[in-house]
Amino acid sequence: MEYNLADLFESVVDVVPDREALVYVDHPGTGAERRFGYAELDAAANRIAHHLAGAGLKPGEHLGLHLYNGVEYLQTLLGCLKARIVPVNVNYRYVEEELVYLYRDADLAALVFDAEFTERVAAAVPQTRKLRHLVRVGPSPDGAPALDCPSYEEAAASGSPERGFGPRSADDQFIIYTGGTTGMPKGVMWRQEDLFFAGLGGGAPTGEPVKRPEELAERVAAAGDGITFFPTPPLMHGTSTLTAFIAFNFGQRVVLHRKYVPEEVLRTMEKERVTSVSLVGDAMLRPLIDALNGPLKGTDLSSVFSVSSSGAIMSETVREQFRALAPNVLVLNNFGSSESGFNGTATDDSGEDRGFRLRVNARTQVVDPVTYEPVAVGEPGRIAQRGHVPLGYYNDPGKTAETFFRKGEERWVLLGDMATVDEDGIVTVLGRGSQCINTGGEKVYPEEVEQALKAHPDVYDALVAGVPDEKWGNHVAAVVQLQEGAGTLDLESVQAHCRTRLAGYKIPRQLVITPAIQRSPSGKADYRWARAVAEAGGEG
């Protein structure tokens, strides 16, 4: 047995076959839910795996998951791993042109898609090279273009529930496409062994990684159940998918919703006695706070141990608001990426005053981006990780050469995040270098200014972008969504607020009030949108 995700999952199934593995809640309170034990989920994954193999999909070929959250997403993902087909996440917000790019770039041979995306899929598929097999989840909408493909129910029914697969390898791949918020999305190629240790903590994210593949099931057999993981962002983003696999590696339970609806999330947290909730930043935590202060006041959160964020920061202001409502819940800002897995967790004193400070793992360093040597205390560099890192970007040798390198015998990945390190080894993340604003020769990282803005009592959400400026080269522009019921907010008051927290050159010189901040479905910042809104004009 090797560190292969399908082998590891099957080893867990064999020791806890009757334990509940997955609960899918379509609409809480309606009874529309589906429950699977480990053996049932295993058999369901076997069925779709055998269908795909029978349809001619070969080991190493790529299958796109163009789906909302649901049973079919995890069932297909596990089925791909069992049949050694490489799963590829597809952003369901993409329109035709973006889908054509991704389908082509990823060399998709098959696609499993939600029926409501039929029109986009039908427009994109004829423009692809290798895509030859489709499976539709749900009934085809009235008036939708006809596609020659089986329904998911038909596909799964045609496959055997038994295993019967050939040997697998730790070298089998798993591809995670980046969100594309700062450029075209890139497919990060992971060996499954590397992803197991870098993204899944080697079977124990907060403890000692396993030393043998067989040890994972041995630990599950020796432990009890009672832990429920609730990944609330879309599974199309790596954070939620990895959270689900962490739960499976513990032999515990995963709860899923199709979409993120704060009130429904809270109802499910109470009903299913959820233990661990993962989300992405203020954009997902703030609506939970609003619901707890409003229609869901009094929700029983006594089962919840932790709420964690990865991919975007939960600001100090919002964390404190949530702690006031749920004082016994551990609120964690984790740091990681599609290219590195997990790097570290924010310190207790991380916030608007001291910055986003991390305790990083032993594989993470801040290095000079030219020499790759560790930077001196207080000097800016880029975050890098060694050891279990991806093979590179699929179909992009140029970006691979820029991002992945070797030092001695070890493979490294150089992330886009700028940071400093102090004498205690604490890393302060400054922000992504690609978003850095050069204003009058000074560097401003949007995340730092956003943290300050969110501390203003009238600000609900904010993004910061650089706008071309004849005098300064670029100036700092704040795009702000106001709290409900807030009065008017002008640039002068925003600047006065920020001056208590930021150096003068970081103070916004332009303010744009918008009805809503545009983010990805997972809550990640859309800086291209923010820049376009700021450039279109506003108070300045």
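Scope of this entry: the structure provided in the associated data block. Being a predicted model, the structure only gives us computed values, none of them experimental.

Overview of the nonpolar core
Generally speaking, a soluble globular protein has its nonpolar side chains buried in company with each other.
Then, in step 1: Ranked by internal contacts, the top residues of the largest apolar core, which has 104 residues, are L5, Y103, L111 and F196.
Then, in step 2: Sorting elements by how many residues they give to this core places helix α3 (residues 71-83) first, with 8 residues.
Then, in step 3: Apart from residues no more than four positions distant in its own chain, F196 is found in contact with Y3, L5, L8, G201, G202, G203, V210, L216 and N249.
Then, in step 4: By size, the runner-up hydrophobic cluster in this structure holds 28 residues, among which are V277, L288, I289 and V329.

With respect to helix α15 (residues 491-499)
Then, in step 1: The set of residues buried in α15 consists of L491, V494, Q495, H497 and C498. Burial along α15 is one-sided: seen end-on, the buried residues are contained in an arc of 160°. Looking at α15, the residues exposed on the side facing more than 90 degrees away from the buried face are E492 and R499.
Then, in step 2: The elements touched by buried residues of α15 are α14 (446-454) and β26 (510-513).

What about the pairing of strand β12 (residues 306-309)?
On a regular strand, one side chain projects to one face of the sheet and the next to the other, so that they alternate.
Then, in step 1: Burial along β12 is two-sided: S306 and S308 facing one way and V307 and S309 facing the other are all buried.
Then, in step 2: Two elements, strand β11 (residues 276-279) and β12, share 4 bridges in a ladder whose sense is parallel. If you follow L279 over to β12, its bridge partner there is S309.
Then, in step 3: In this structure, β12 lies alongside strand β13 (residues 330-337), joined through 4 bridges in parallel fashion. Bridge pairing in β13 places S308 opposite L332.
Then, in step 4: Assessed by its sense of winding, the connection that carries the chain from β12 through helix α12 (residues 316-325) to β13 is right-handed.

As for the side chain of T178
Then, in step 1: Here T178 lies in the loop between β7 (173-177) and β8 (187-191).
Then, in step 2: Not counting chain neighbours up to four residues away, the residues in contact with T178 comprise Y94, P185, K186, V188, S338 and E339.

Here's the deal with the environment of A146
Then, in step 1: You can see A146 is positioned in the loop between β6 (133-137) and α6 (152-157).
Then, in step 2: In sequence terms A146 and A122 are 24 residues apart; their C-alpha atoms lie 7.9 Å from each other.

Comments concerning the pattern of salt bridges
Then, in step 1: A complete count under the given rule lists 38 salt bridges for this structure.
Then, in step 2: Among the salt bridges present, the one from R273 reaches D300, with a minimum N-O distance of 3.2 Å. On the criterion of sequence distance, the pair formed by R273 in the loop between α10 (262-271) and β11 and D300 in the loop between α11 (281-293) and β12 is long-range, its members being 27 residues apart.
Then, in step 3: Taking relative accessible area as the criterion, R273 reaches 38% and is therefore assigned partly exposed.
Then, in step 4: The class for D300 is partly exposed, based on a relative accessible area of 32%.

Quick notes on the packing of helix α1 (residues 5-15) against helix α2 (residues 38-54)
If you want to describe how two helices pack, look at the angle between their axes and the distance between the axes.
Then, in step 1: At their nearest, the axes of α1 and α2 sit 9 Å apart, and the two run at 140° to each other. Between α1 and α2, the interaxial angle falls into the category oblique. Handedness of the α1/α2 crossing: left-handed. Counted together, F9, E10, V12 and V13 of α1 and Y38, A39, L41 and D42 of α2 form the full contact between these two elements.

Some points on the side chain of N4
Then, in step 1: Note on placement: N4 falls in the segment before α1.
Then, in step 2: A polar side-chain atom of N4 sits 2.9 Å from the main-chain carbonyl oxygen of S169.
Then, in step 3: With sequence-adjacent residues up to four places away left out, N4 is seen in contact with R168, S169, D172 and Q192.

Thoughts on the sheet that holds strand β24 (residues 459-469)
Sheet strands pair via backbone hydrogen bonds, and the direction of the pair is either parallel or antiparallel.
Then, in step 1: Reading across the sheet, the 3 strands line up as β24-β25-β26 and stay open at both edges, with mixed pairing between neighbours. Only two strands of the sheet have a single neighbouring strand rather than two, namely β24 and β26. Sheet twist, expressed as the average angle between the axes of neighbouring strands with direction ignored, equals 25°.
Then, in step 2: As defined by bridge partners, β24 adjoins strand β25 (residues 473-482) across 10 bridges and the pair is classed as antiparallel. Pairing of A465 across the sheet is with A477, part of β25.
Then, in step 3: The strands touched by helix α16 (residues 527-535) are β24, β25 and β26; relative to β24, the strand with the most contacts, the crossing angle is about 70°.

Conventions adopted
Residues numbered from 1 in each chain as written. Predicted model: local features only at pLDDT ≥ 70, side-chain atom pairs only at ≥ 80, totals over all residues. Heavy atoms only, no water. Core = buried A, V, L, I, M, F, W, Y, C linked by side-chain atoms within 4.5 Å. Buried < 20%, exposed > 50% of the residue type's maximum accessible area, 1.4 Å probe, protein only. Helix = DSSP H or I, 4+ residues; strand = E, 2+ residues; numbered from the N terminus. Contact = heavy atoms within 4.5 Å. Arc of directions from axis to C-beta. Pairing = 2+ DSSP bridges. Right-handed = clockwise from strand over helix to strand, strands pointing away. Salt bridge = Lys/Arg side-chain N within 4 Å of Asp/Glu carboxyl O. Axes fitted to C-alpha atoms, helices over the stretch in contact; angles between N-to-C directions. Parallel < 35°, antiparallel > 145°, perpendicular 65-115°, else oblique. Left-handed = near helix turned anticlockwise from the far one by under 90°. Polar contact = N/O pair within 3.5 Å; in protein donor to acceptor, adjacent residues only side chain to side chain.

From the geometry alone we can't say anything about function, so treat these as descriptive.
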